[in-house]
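Examining the three-dimensional arrangement
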Amino acid sequence: MPRTGVATGEHAIDLAALARAGALAEVEDAEGLFSQASLNAFMAGGPAIWRACHGRLRELVANGQLPSEALFQLGEVEPLLPFEVADYVDFYSSLEHATNAGRIFRPEADPLPPNWRHLPVGYHGRAGTVVVSGTPIVRPCGQFWRHGQAAPEYLPSERVDIELELGVVIGTPSEHGRPVPVDEALEHVFGLVLLNDWSARDVQGWETVPLGPFLGKSFATSIGAWVTPLEDLMDRRVPGAAQDPVPLDYLRTEPMAFDLELSVSLRSAGMASRGEPPQTIVRTSARNVYWSVEQQIAHLTANGASLRTGDLIGSGTISGPEREQRGSLLELSWNGEEPFELDGERRTYLEDGDEVTLSGELLSDVSGRIVPSH
Ligand code: MN
């Protein structure tokens, strides 16, 4: 039976079992809250309940007071999607990523669109296809126009890509019609996950003008099985990039970023069959984000749109200034023109059987393997 839990070291703590044992008396109706397949009810409770639960768990772990019926080896539990995703928004907030994408697709023009330094650019994605780490990813089919062909075709995508992102998980909702002030935005945040925003670049390139990303993105988005509470990440907050020009009042705050090392590894089917380990192809830092989480939340509610418990907010691909810091294969292979090396092979986009893993300090891994189209 599914229930909610906490990962700590090698173990998963079964919170429903802990509540039944009477160890979570600080949390009202703890047994009802945790005997569920998602964290949503708990997340809706707000920061005071999160902190009470967190503090109690720390105490139980430190004092070795966890009852054995609530302790499992991490390897013996089957992780589910940790929360029911309400709305999914994806931003485009890394300056290096936006600049690289601009250089690739608009080599003659200014790489950054004129709005980019004035607002966090984003779009609404598809919440229903957010999947938990480990879920196989079927190579999507779609319409695109291959170079040199007379007409568009419907085919399996030939440019399946990854996007290395941080995902913000919203706990408490906001009121419809009332923008969330930038200095209150963090109060709505329950925690963070790593997020792989799988992308079919050929489909995306053909469909995206004039209304933005659609089927090239919506086939799947993978997130980690365990949400890291914001409270555990506050001491990793550092000043972000200086913002020039100074943003409008509703976005004005000292922009902060998370000092967390991030990486991407890739293992082909051939490497797996030979028992070879995955190869790290990207190393970057979550510091490389221009717009802060608070600014993203203030902007996405600036028109009165409300937050819901379970909203997922992607940072956008996180890239850095060096080649190995590029958080997508689009950038790493410069849209296929500059292949990178994987186990002695020249590679551009993902092949069937490739397994991708996103890792980050204090964050749960996100893995996915590409399986052939049906
Ligand atoms: Mn994205």
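Because the structure is predicted, anything quoted here is derived from the model rather than measured. (Residues numbered from 1 in each chain as written. Predicted model: local features only at pLDDT ≥ 70, side-chain atom pairs only at ≥ 80, totals over all residues. Heavy atoms only, no water.)

For an interface, size is often stated in terms of accessible area lost upon the parts coming together. In terms of domains, the protein chain is made up of domain 1 (5–76) and domain 2 (88–371). For domain 1 and domain 2, the distance between their C-alpha centroids amounts to 30 Å. Taken together, the 16 residues of domain 1 in the interface contact 15 residues of domain 2. Of the roughly 1100 Å² buried where domain 1 meets domain 2, counting both sides, 73% is carbon and sulfur surface. (Domains from an automatic or database assignment. Contact = heavy atoms within 4.5 Å. Buried area = accessible area lost by both parts, 1.4 Å probe.)

A few words now on empty space enclosed by the protein. Applying the stated criterion across every chain yields a total of one cavity of 30 Å³ or more. Considering only enclosed or pocket space, the largest cavity measures out at about 120 Å³ in volume. Along the walls of the largest cavity sit 13 residues, with Leu166, Phe258, Val289, Trp291 and Val293 positioned nearest its centre. Of all the secondary-structure elements, those providing two or more residues to the lining of the largest cavity are strand 11 (164–170), strand 17 (256–258) and helix 9 (293–300). (1 Å grid on protein atoms, 1.4 Å probe; cavity = no way out; pocket = protein on both sides within 12 Å on 5 of 7 lines; lining within 4 Å. Points joined across faces, edges and corners; volume = space filled by probe spheres on them. Helix = DSSP H or I, 4+ residues; strand = E, 2+ residues; numbered from the N terminus.)

So, about the pattern of salt bridges. Under the criterion given, the structure shown has 21 salt bridges. A salt bridge links Asp352 to Arg139; the shortest N-O distance between them is 2.7 Å. Of this pair, Asp352 sits in the loop between strand 22 (345–347) and strand 23 (355–360) while Arg139 sits in the loop between strand 7 (137–138) and strand 8 (141–144), and the two are 213 residues apart along the sequence. We classify Asp352 as partly exposed; its relative accessible area is 35%. Given the relative accessible area of 9%, Arg139 is considered buried. A salt bridge links Arg287 to Asp259; its shortest N-O distance comes to 3.7 Å. Remark: Asp259 occurs in the loop between strand 17 and strand 18 (261–267) and Arg287 occurs in the loop between strand 19 (279–285) and helix 9; sequence separation between them is 28 residues. Overall, the relative accessible area of 28% leaves Asp259 in the partly exposed class. Taken together, the shared-partner salt bridges connect Asp161, Glu163, Asp197, Arg201 and Lys217 into one network. (Salt bridge = Lys/Arg side-chain N within 4 Å of Asp/Glu carboxyl O. Buried < 20%, exposed > 50% of the residue type's maximum accessible area, 1.4 Å probe, protein only.)

This next bit is on the coordination of the manganese ion. Donor atoms from the polypeptide that bind the manganese ion are Asp90 (OD), Glu163 (OE), Glu165 (OE) and Asp197 (OD), placed at 2.1 to 2.2 Å. Summarised as a motif, the one-chain spacing of the donors to the manganese ion is D-x72-E-x1-E-x31-D. Taken as a pair, Glu165 in strand 11 and Asp197 in the loop between strand 12 (189–196) and strand 13 (199–200) lie far apart in primary sequence, 32 residues in all. The same class applies to Glu165 as to Asp197, namely buried. (Donors = N, O, S within 2.8 Å, 3.2 Å for Na, K, Ca; no water.)

This part takes up helix 9. Given 3.6 residues per turn, any residue in an α-helix points the same way as the ones three and four places further on. For helix 9, the tally of buried residues reaches seven of eight residues, placing the bulk of the element in the interior. When helix 9 is considered as a whole, its buried residues turn out to be Val293, Glu294, Gln295, Gln296, Ile297, Ala298 and Leu300. If you follow the buried residues of helix 9, they end up packed against strand 4 (88–91), strand 11, strand 12, strand 16 (237–239), strand 17 and strand 20 (312–314).

Our next topic: unusual backbone geometry. A cis amide bond, omega 10 degrees, links Val209 with the succeeding residue Pro210. Along the chain, Pro210 falls in the loop between helix 6 (201–207) and helix 7 (215–218). Cis rather than trans, the peptide bond between Asp244 and Pro245 has omega equal to 5 degrees. Mapped onto the fold, Pro245 is located in the loop between strand 16 and strand 17. Backbone geometry at Asn335 places phi at a positive 55 degrees, although glycine is not the residue there. Position of Asn335 relative to the elements: it lies in the loop between helix 10 (329–332) and strand 21 (340–342).

As enumerated under the stated definition, the model contains six aromatic pairs in all. Relative to Trp206, the ring of Trp145 has its centre 5.3 Å away and its plane inclined at 85 degrees; by these criteria the two rings are edge-to-face. With a gap of 61 residues between them, Trp145 in the loop between strand 8 and strand 9 (153–156) and Trp206 in helix 6 connect regions that are remote in the sequence. An aromatic cluster is built from Phe34, Phe42, Trp50 and Phe190, whose rings are joined through pairwise contacts. (Phe/Tyr/Trp six-rings, centres within 6.5 Å; stacked < 30°, edge-to-face > 60°.)

What follows covers the environment of Arg103. Assignment of secondary structure puts Arg103 in helix 5 (residues 95–105). Residues Arg103 and Trp334, 231 residues apart in the sequence, show an inter-C-alpha distance of 9.5 Å. Not counting chain neighbours up to four residues away, the residues in contact with Arg103 comprise Pro111 and Trp334.

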